[in-house]
Protein chains: 4
Amino acid sequence: MRYASDNAGPIHPAVMEAMLAANHGYAMPYGADDLTVQTVAAIREVFEAPEAAVFLLGTGTAANALALASLCQPWQTIYCTELAHIHEDECGAPEFFAGGAKLSLVPSPQALMSAQDLRVVIAAQAQGSVHGVQRGPVSITQGSERGTAYSLDQLGALCDVARSFDLPVHLDGARFANALVAQNCAPAEMSWKLGVDALSFGGTKNGLMGVEAVVFFDPSKAWEFELRRKRAGHLISKQRYFAAQMLAYLKDDLWLDMAAKANAACAALAKGLEATGQVELSHAPVINTLFARWPRHLHQRLHAAGAAYYLWEGALEGQDPSEMLTARMVCDWSASQSDREAFLALFES
Amino acid sequence: MRYASDNAGPIHPAVMEAMLAANHGYAMPYGADDLTVQTVAAIREVFEAPEAAVFLLGTGTAANALALASLCQPWQTIYCTELAHIHEDECGAPEFFAGGAKLSLVPSPQALMSAQDLRVVIAAQAQGSVHGVQRGPVSITQGSERGTAYSLDQLGALCDVARSFDLPVHLDGARFANALVAQNCAPAEMSWKLGVDALSFGGTKNGLMGVEAVVFFDPSKAWEFELRRKRAGHLISKQRYFAAQMLAYLKDDLWLDMAAKANAACAALAKGLEATGQVELSHAPVINTLFARWPRHLHQRLHAAGAAYYLWEGALEGQDPSEMLTARMVCDWSASQSDREAFLALFES
Amino acid sequence: MRYASDNAGPIHPAVMEAMLAANHGYAMPYGADDLTVQTVAAIREVFEAPEAAVFLLGTGTAANALALASLCQPWQTIYCTELAHIHEDECGAPEFFAGGAKLSLVPSPQALMSAQDLRVVIAAQAQGSVHGVQRGPVSITQGSERGTAYSLDQLGALCDVARSFDLPVHLDGARFANALVAQNCAPAEMSWKLGVDALSFGGTKNGLMGVEAVVFFDPSKAWEFELRRKRAGHLISKQRYFAAQMLAYLKDDLWLDMAAKANAACAALAKGLEATGQVELSHAPVINTLFARWPRHLHQRLHAAGAAYYLWEGALEGQDPSEMLTARMVCDWSASQSDREAFLALFES
Amino acid sequence: MRYASDNAGPIHPAVMEAMLAANHGYAMPYGADDLTVQTVAAIREVFEAPEAAVFLLGTGTAANALALASLCQPWQTIYCTELAHIHEDECGAPEFFAGGAKLSLVPSPQALMSAQDLRVVIAAQAQGSVHGVQRGPVSITQGSERGTAYSLDQLGALCDVARSFDLPVHLDGARFANALVAQNCAPAEMSWKLGVDALSFGGTKNGLMGVEAVVFFDPSKAWEFELRRKRAGHLISKQRYFAAQMLAYLKDDLWLDMAAKANAACAALAKGLEATGQVELSHAPVINTLFARWPRHLHQRLHAAGAAYYLWEGALEGQDPSEMLTARMVCDWSASQSDREAFLALFES
């Protein structure tokens with residue numbers, strides 16, 4: 001009954017073992033260690049991008065905000081959805097790191113923007129005048145904050161719109177693995193082959209202790225990014241422990257296995273919820289996040305029984321016991337069948 | 001022969017075990033977990049400061065820059081030494097996080113400023129006019145970047161100067177443990193009892209994977225700091241692993257043991273170097289860092305033999321084999337006698 | 001036929017004479033001159049606010065952005081309409097000066113937001129969590145960017161909403177005089193008596209060479225503002241010439257006379273346009289700005305004849321001669337009847 | 001007896017007349033007027049730089065800070081003297097506009113740095129590491145804040161040092177005219193021919209109401225600068241009045257005449273002071289600013305008689321009547337012989 005966040009579960013044992021294995025002897029700090037070198041090579045190989053610039057960081061907010069700052073001038077605006085993590089959940093980090101840049105919001109049912117809406121919003125920002133801000137990078141979240149994901153066609157169409165305005169594309173891939181598994185394609189196919197310039201490649205929500213990579217497929221921004229990272233306090237001294245995690249993550253497709261488990265757990269949860277007949281799902285399950293609605297009295301029962309999830313809309317206490325309230329449920333790699341069964345059983349009692 | 005940095009050694013096994021022990025089950029993210037609560041309590045107890053606001057972060061640069069930003073307005077100047085880490089080694093992070101604040105440098109032989117020099121530099125910044133920047137916080141590094149440390153009297157005198165100008169005091173305690181052991185006093189005696197307002201309490205250079213705490217002895221800045229930390233991408237989601245490290249660090253005085261070992265190793269190294277008759281020490285050993293000079297030909301021999309330390313002044317290659325070049329050597333908790341003996345033996349051959 | 005902007009007309013002769021009169025002898029710089037002292041007193045008197053802090057600046061963008069920066073923390077969001085000058089026409093100046101703050105847009109037909117919409121948008125920004133930005137000041141434009149103006153009741157209701165959330169209120173009064181004449185009330189009644197905390201009091205669009213005042217009705221932010229102004233390069237050295245303009249502006253109600261003329265010219269223009277039978281007005285005239293639509297072929301004729309106004313929506317060249325395109329027309333104090341008649345005559349030919 | 005500042009005198013009548021002449025009819029705002037076009041052409045001609053990008057601003061602080069921001073990345077450091085206006089008198093504006101950049105101070109007796117000292121300071125900032133800030137632009141003040149000026153050889157040598165490190169050069173020319181007259185050369189010879197990239201070309205301290213130009217000899221930064229200027233609130237709407245001033249300034253060498261008068265007045269003042277036998281001059285007069293020392297009792301007498309100058313070091317009140325205190329005296333174009341005689345007479349009484 002643990003659906004609060006994919007940040008709330010444990011680290012995968014293989015990842016923990018890799019850190020343990022890295023913990024002997026001397027290693028030069030700040031990324032000048034062997035494991036970091038191996039990690040860069042491994043990510044390049046996974047993405048079929050031998051020239052890519054790869055950097056490790058400790059949080060997704062740092063990865064997003066620093067990547068965007070490298071793609072954006074302070075007098076530009078970043079295009080994203082109304083529900084984007086960079087807009088809603090980073091306390092203004094992109095604006096801060098980009099020196100006071102703006103975010104322009106694209107309408108986005110289910111947290112997905114359409115190529116047409118993106119085009120309209122970009123076009124509406126008149127250019128050639130100093131009075132308004134200038135057009136800047138497009139930031140796309142894949143898989144999305146609402147548990148949906150773009151098809152490759154949809155994602156490619158967004159990149160094409162950006163390209164048609166000569167704007168760079170950033171992909172917030174905090175749940176890149178979950179989306180990749182859902183779309184069943186190669187990492188390169190869901191990134192640079194479509195026109196993505198910079199990727200926040202998440203690990204923290206998928207079984208790591210706290211490691212994200214920023215990947216610039218065009219390495220020309222590498223040195224600027226290194227300086228931005230250091231200046232932001234995000235250059236890790238004992239980087240071998242970050243690298244060890246990422247290497248374990250990529251080894252033998254552990255990352256894909258964990259994402260597949262999380263997605264499957266979410267699909268099973270959705271199916272189970274639907275079967276209760278008391279629940280309205282927001283959408284068919286795509287990745288590992290689900291939004292659903294059920295009556296207040298049911299929420300109260302679940303809550304009393306210790307179920308952990310975020311009440312997204314509405315308050316647990318209220319007059320109308322039948323009012324529908326929205327829950328967010330997130331599954332991680334460690335979600336168990338027994339846990340799910342216990343959760344679903346509460347709906348029946 | 002591993003003296004490059006106290007960031008280069010391994011994590012203490014007890015710390016690693018604590019992370020392992022924390023890695024089961026579910027824990028609410030972003031510091032809402034039990035271990036974080038325990039960590040805050042433990043630090044308050046160690047510092048005899050039951051009201052202190054305590055925050056965990058991943059790097060010393062982040063700890064320093066965010067603490068200073070909370071004490072400093074953008075139009076103020078921060079007082080520090082010419083050798084301060086915040087001036088020399090953070091790529092402008094304090095200036096960035098404080099919105100473009102200035103650093104005013106106080107002369108500092110051996111990286112220690114005198115109360116008198118501090119007073120002169122502060123007084124020289126005329127006030128009451130909008131043309132110059134305004135006086136801001138005093139940032140003191142204890143133990144210092146040159147391996148020295150302030151006595152309690154010296155530190156208290158600096159705090160008194162700050163107070164006489166009504167300025168807050170920040171202590172960069174990346175090597176707080178090493179200085180504490182050297183001064184043989186209680187944590188409170190080397191911090192708030194002297195007038196320190198905010199402390200960067202280091203763990204990373206003393207056996208942790210990468211954990212620092214920022215401690216505000218007056219908690220009025222707590223909420224501002226939390227927002228600054230989040231906005232900087234330094235709010236860790238899986239904070240239980242940070243907290244587990246810090247708890248293990250404080251348990252049974254492990255932190256003091258490690259610092260004592262590092263200091264002792266440095267003292268023994270200094271003694272051994274002196275005994276070679278070929279070396280000029282910069283100062284008597286105080287904490288775990290040593291600067292010393294010996295001839296180029298000796299550096300070349302050591303280098304060829306695989307000794308790891310930073311050449312601080314001068315180049316390994318050069319015409320004059322007898323030219324004196326400066327080395328920086330840092331010992332961490334894992335420095336061994338055999339390693340030292342091997343290093344010193346190279347001086348004799 | 002000069003309707004491009006109220007920035008495009010000449011300075012009122014009385015204002016120019018005042019500058020001339022100020023141009024003799026010696027005057028201490030940076031506001032330490034007699035005329036500046038008189039100006040501060042005059043503005044305090046006009047606003048019945050003897051304690052107000054008053055500052056002169058050269059542009060409306062500077063006035064708005066610096067006033068907002070003084071009311072807003074970097075991690076907060078500023079509430080304004082989708083059409084606000086601070087959002088559309090200042091190239092991100094508020095975001096820049098406020099250290100990367102956000103703007104949250106309130107729906108606003110005719111550039112006016114309703115108290116209810118404002119309340120909804122503020123309430124939607126959940127508080128108490130560090131993940132989202134925090135609620136910040138409400139910025140209201142009076143008279144608006146679309147030529148409309150709030151009634152005192154409407155303005156008071158907006159201030160009440162801000163107060164109910166404990167948020168400060170900024171009034172962008174680039175066209176404060178025009179709105180004041182339209183609402184026929186005292187300056188205090190349209191500002192601090194309703195709950196306005198800081199006012200950008202415009203002069204540039206109403207007959208001055210380039211002078212705006214920022215008025216803080218609560219002077220507690222005065223020193224901070226002075227430092228921000230200096231640091232922004234907006235502290236004028238020869239301030240007597242700014243003060244001379246503002247004194248002439250306020251003397252014998254010149255500012256109200258000029259605004260009344262501009263408003264009347266706009267009303268007459270609207271009436272004349274309506275009488276042509278070829279024009280759709282956006283709204284009944286309130287201040288000195290008008291938006292209206294007429295067919296492309298008419299725009300082309302006017303353009304060829306040298307009429308000066310901005311084509312707000314649509315392109316002068318296009319296939320369909322009967323397509324309705326939107327024009328913005330602004331009148332200043334110098335708008336003449338003969339000019340208007342010449343302009344309107346073009347519609348008949 | 002008016003020596004407080006070259007900001008304290010009146011505007012030259014010819015400049016005021018030019019503004020008056022500009023004050024008729026309609027002119028497109030924001031620099032799209034004829035006078036601005038003529039001004040750009042005139043400055044290009046004066047500087048023999050037909051491709052230069054030229055921008056008008058209202059203050060020297062804005063000119064300096066925005067020019068430097070366009071030449072400097074946030075993680076770089078700007079080289080200047082310890083007495084530079086950008087360091088001492090702009091309340092951190094360069095740091096603010098450059099996103100938190102640092103200033104590195106070069107020793108500078110009499111406010112002049114030597115090529116050798118500049119080289120040493122630049123070289124000391126190690127490169128290729130992310131830990132320290134990176135080398136950035138060199139900013140030189142000509143004529144200096146202490147009334148001295150570089151010879152063309154000295155200035156060229158500084159530019160050569162900058163070039164040897166591949167760094168751009170900014171010239172703070174708030175008193176460019178005074179230095180030019182002193183060096184008796186062409187504007188191009190004291191700027192781009194030596195290697196200056198961007199010039200703050202002052203007018204305010206030399207008889208204008210408040211107009212400075214920023215000149216980029218390489219126009220590649222033009223669009224960025226325009227956006228920075230707008231975003232800083234420094235794009236003037238009624239720019240015709242700025243342009244009119246600058247055109248009058250350049251017409252018939254008025255600017256050089258005014259500077260020559262100011263310099264001559266300062267030389268005569270120095271000679272007169274020397275003749276009193278009671279005064280120690282800081283240096284032989286070069287431009288229009290003089291620092292000199294005389295006893296406290298004399299300061300008191302001058303002060304009581306209404307003499308206006310800044311007491312730079314020491315306090316008017318004090319125990320020792322014979323203590324030497326330092327005065328700063330600045331002459332502008334309007335300094336008169338009778339005023340000087342009255343001032344000098346006070347030394348004799």
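Rules used in this analysis
Residues numbered from 1 in each chain as written. Chains lettered and ligands numbered in written order. Predicted model: local features only at pLDDT ≥ 70, side-chain atom pairs only at ≥ 80, totals over all residues. Heavy atoms only, no water. Helix = DSSP H or I, 4+ residues; strand = E, 2+ residues; numbered from the N terminus. Rg over C-alpha atoms; globule rule 2.2 N^0.38 Å. Contact = heavy atoms within 4.5 Å. Areas by Shrake-Rupley, 256 points an atom, 1.4 Å probe, with all protein chains shown as cover. Buried < 20%, exposed > 50% of the residue type's maximum accessible area, 1.4 Å probe, protein only. Pairing = 2+ DSSP bridges. Buried area = accessible area lost by both parts, 1.4 Å probe. Salt bridge = Lys/Arg side-chain N within 4 Å of Asp/Glu carboxyl O. Polar contact = N/O pair within 3.5 Å; in protein donor to acceptor, adjacent residues only side chain to side chain. Nonpolar A, V, L, I, M, F, W, Y, C, P; charged D, E, K, R; others polar. Disulfide = S-S within 2.5 Å. Domains from an automatic or database assignment. Least-squares fit on C-alpha atoms with pLDDT ≥ 70 in both. Core = buried A, V, L, I, M, F, W, Y, C linked by side-chain atoms within 4.5 Å. Phe/Tyr/Trp six-rings, centres within 6.5 Å; stacked < 30°, edge-to-face > 60°. Axes fitted to C-alpha atoms, helices over the stretch in contact; angles between N-to-C directions. pLDDT = per-residue confidence, 0-100.

Considering the overall build of chain A
Next up, step 1: Broken down by element type, chain A carries 13 helices and 11 strands.
Next up, step 2: Taken over C-alpha atoms, the radius of gyration comes to 21 Å for chain A, in line with the 20 Å a tight globule of 349 residues would show.
Next up, step 3: For chain A, long-range pairs separated by at least 24 residues make up 76% of all intrachain contacts whose partners lie at least 6 apart in sequence.
Next up, step 4: Just so you have it, chain A exposes about 11800 Å², and 51% of that area is on carbon and sulfur atoms.

Regarding the pairing of strand 6 (residues 198-202) of chain C
Residues and elements named next belong to chain C.
Next up, step 1: Counted residue by residue, strand 6 has 5 buried out of 5 residues, so it is predominantly covered.
Next up, step 2: Judged by which residues are buried, strand 6 turns out to be covered on both faces: A198, S200 and G202 on one side and L199 and F201 on the other are all buried.
Next up, step 3: In terms of strand pairing, strand 5 (residues 169-173) meets strand 6 through 4 bridges, oriented parallel. Residue pairing for strand 6: L171 is matched across the bridge by L199.

A few points about the interface of chain A and chain B
Next up, step 1: Contacts between the two partners involve 50 residues from chain A and, on the opposite side, 50 residues from chain B.
Next up, step 2: Regarding the contact of chain A and chain B, the summed buried area is about 4400 Å², with carbon and sulfur atoms giving 60% of it.
Next up, step 3: Per-residue buried area on chain A facing chain B is highest for Y26, R231 and K238 of chain A; these three make up 19% of the total on that side.
Next up, step 4: One can count 0 salt bridges joining chain A with chain B.
Next up, step 5: Between the two partners, chain A and chain B, sit 38 residue pairs in polar contact (both at pLDDT 80 or more).
Next up, step 6: When residues of the side of chain A that touches chain B are traced back to their parent elements, those giving at least two are helix 1 (13-22), helix 3 (60-71), helix 5 (93-97), helix 9 (222-231) and helix 10 (240-250) of chain A.
Next up, step 7: For the side of chain A that touches chain B, a count of residues per class yields 27 nonpolar, 14 polar and 9 charged.

Some points on the state of the cysteines
Every disulfide links exactly two cysteines, by a covalent bond between their sulfur atoms.
Next up, step 1: Under the criterion given, the structure shown has 0 disulfides over all chains.
Next up, step 2: Not part of a disulfide, C185 of chain B finds its nearest cysteine sulfur in C159 of chain B, a span of 12 Å.

Description of the pairing of strand 9 (residues 289-295) of chain D
Residue and element names in this part refer to chain D.
Next up, step 1: Within strand 9, 6 of the 7 residues are buried, which leaves the element mostly enclosed by the surrounding structure.
Next up, step 2: In this sheet, strand 9 lies alongside strand 8 (residues 280-281) in antiparallel orientation, the contact comprising 2 bridges. Within the sheet, the bridge partner assigned to L281 lies in strand 9 and is A292.
Next up, step 3: As judged from the 7 bridges shared by strand 9 and strand 11 (residues 324-330), these two strands associate in the antiparallel manner. Bridging from a neighbouring strand, W294 pairs with L325 of strand 11.

Details of the domain arrangement of chain A
Where interface size is given, it is often the accessible area lost as the parts come together that is meant.
All names here are of chain A.
Next up, step 1: We note that the domain assignment places domain 1 (12-252) and domain 2 (255-345) within chain A.
Next up, step 2: Each of domain 1 and domain 2 has a C-alpha centre, and these two points are 28 Å apart.
Next up, step 3: Each side of the interface is counted separately: domain 1 has 26 residues, and domain 2 has 18 residues.
Next up, step 4: For the pair domain 1 and domain 2, the two sides together bury roughly 1800 Å², of which 64% comes from carbon and sulfur.
Next up, step 5: On the surface where domain 1 and domain 2 come into contact, there are 7 residue pairs in polar contact (both at pLDDT 80 or more).
Next up, step 6: Among the elements that make up the side of domain 1 that touches domain 2, the one with the highest residue count is helix 8 (residues 176-183) (7 residues).
Next up, step 7: Looking at the side of domain 1 that touches domain 2 residue by residue, the classes come out as 13 nonpolar, 9 polar and 4 charged.

Description of the relation of the copies chain A and chain B
Next up, step 1: Overlaying chain A with chain B gives an RMSD of 0.0 Å, the required rotation being 180° about an axis along which the chain moves by 0.0 Å. Taken together, the rotation and translation relating the two chain copies correspond to the operation of a two-fold axis.
Next up, step 2: Most of the interface of chain A is mirrored in chain B, where 100% of its interface residues are also at the interface.

A closer look at the nonpolar core
One broad rule of soluble globular proteins: the nonpolar side chains tend to lie buried together.
Next up, step 1: Of all hydrophobic cores here, the largest spans 130 residues; its most connected members are F201 and M246 of chain A together with F201 of chain B.
Next up, step 2: Once residues lying within four places of it in the same chain are set aside, the contact partners of F201 of chain B are I43, F47, G173, F176, E212, A213, V215, M246, Y249, L250 and W255 of chain B.
Next up, step 3: Among the nonpolar cores identified, the runner-up in size contains 129 residues, and V15 and V211 of chain C together with A42 and V161 of chain D belong to it.

Observations concerning the interface of chain D and chain B
Next up, step 1: Tallying the contact residues gives 17 residues for chain D and 17 residues for chain B.
Next up, step 2: Here chain D packs against chain B, burying approximately 1200 Å² in sum over the two surfaces, 51% of which is carbon and sulfur.
Next up, step 3: Counting the surface chain D buries against chain B, the share from its top three residues, C91, K102 and H131 of chain D, is 41%.
Next up, step 4: Across the chain D-chain B interface, the total number found is 2 salt bridges.
Next up, step 5: Here K102 of chain D ties to E95 of chain B by a salt bridge, and the two come within 2.5 Å at their closest N and O atoms.
Next up, step 6: Put simply, chain D and chain B have 8 residue pairs in polar contact (both at pLDDT 80 or more) between them.
Next up, step 7: Those elements that provide at least two residues to the side of chain D that touches chain B are helix 4 (85-88), helix 5 (93-97) and strand 3 (102-106) of chain D.
Next up, step 8: Across the side of chain D that touches chain B, the residue classes break down as 6 nonpolar, 6 polar and 5 charged.

Overview of unusual backbone geometry
Next up, step 1: The omega angle of the peptide bond from Q142 of chain A to G143 of chain A is -15°, so this bond is cis rather than trans.
Next up, step 2: With a phi close to 70°, A111 of chain A is a non-glycine residue in the positive phi region.
Next up, step 3: Following the sequence through the fold, A111 of chain A ends up in the loop between strand 3 (102-106) and helix 6 (115-124).
Next up, step 4: The residue C91 of chain C is not glycine, and still its phi comes out positive at about 50°.
Next up, step 5: Tracing the backbone shows C91 of chain C in the loop between helix 4 (85-88) and helix 5 (93-97).
Next up, step 6: Given the relative accessible area of 1%, C91 of chain C is considered buried.

What about helix 10 (residues 240-250) of chain D?
Residues and elements named next belong to chain D.
Next up, step 1: For helix 10, the tally of buried residues reaches 11 of 11 residues, placing the bulk of the element in the interior.
Next up, step 2: Taken as a whole, helix 10 has its buried residues at R240, Y241, F242, A243, A244, Q245, M246, L247, A248, Y249 and L250.
Next up, step 3: A positive backbone phi angle near 50° is found at D252, which sits one or two residues after helix 10.

Here we look at the environment of E90 of chain B
Next up, step 1: Inspection of the secondary structure assignment puts E90 of chain B in the loop between helix 4 (85-88) and helix 5 (93-97).
Next up, step 2: The spatial distance from the C-alpha of E90 of chain B to the C-alpha of A65 of chain B is 8.6 Å, given a sequence separation of 25 residues.
Next up, step 3: When near neighbours in sequence (up to four residues on either side) are disregarded, E90 of chain B contacts K230 and R231 of chain A, G60, T61, N64 and H85 of chain B together with H131 of chain D.

Notes on the packing of aromatic side chains
Here a ring pair, both rings aromatic, is described through the centre-centre distance and the interplanar angle of the planes.
Next up, step 1: Counted according to the given criterion, the structure contains 72 aromatic pairs over all chains.
Next up, step 2: Among the aromatic residues, those joined into a cluster by ring pairs are F47, F176, F201, F217, Y249 and W255 of chain A.

Remarks on the sheet that holds strand 5 (residues 169-173) of chain B
All names here are of chain B.
Next up, step 1: Reading across from one edge, 1-7-6-5-4-2-3 is the order of the 7 strands in this open sheet, with mixed pairing throughout. The sheet terminates laterally at strand 1 (53-57) and strand 3 (102-106), the two strands that pair on one side only. Recorded for the sheet is a direction-independent mean angle of 20° between the axes of neighbouring strands.
Next up, step 2: Two strands pair when backbone bridges link them, and strand 2 (residues 76-81) and strand 3 are joined in this way by 5 bridges, in the parallel orientation. Each residue of the ladder has a partner; that of Y79, found in strand 3, is S104.
Next up, step 3: The sheet contacts of helix 3 (residues 60-71) involve strand 1, strand 2, strand 4 (134-141), strand 5, strand 6 (198-202) and strand 7 (212-216), and relative to strand 7 the element is tilted by about 20°.

Side note on helix 8 (residues 176-183) of chain D
Structurally, the α-helix is built with 3.6 residues per turn, so residues lying three or four positions apart point the same way.
Next up, step 1: By the burial criterion, the buried members of helix 8 of chain D are F176, A177, N178, A179 and L180 of chain D.
Next up, step 2: Positive backbone phi, at 55°, marks N184 of chain D, one or two positions downstream of helix 8 of chain D.

As for the confidence of the model for chain A
Next up, step 1: Mean pLDDT over chain A works out to 97, with 100% of the residues at or above the 70 mark.
Next up, step 2: For this predicted complex, the interface confidence score (ipTM) comes to 0.97, while the overall pTM stands at 0.97.

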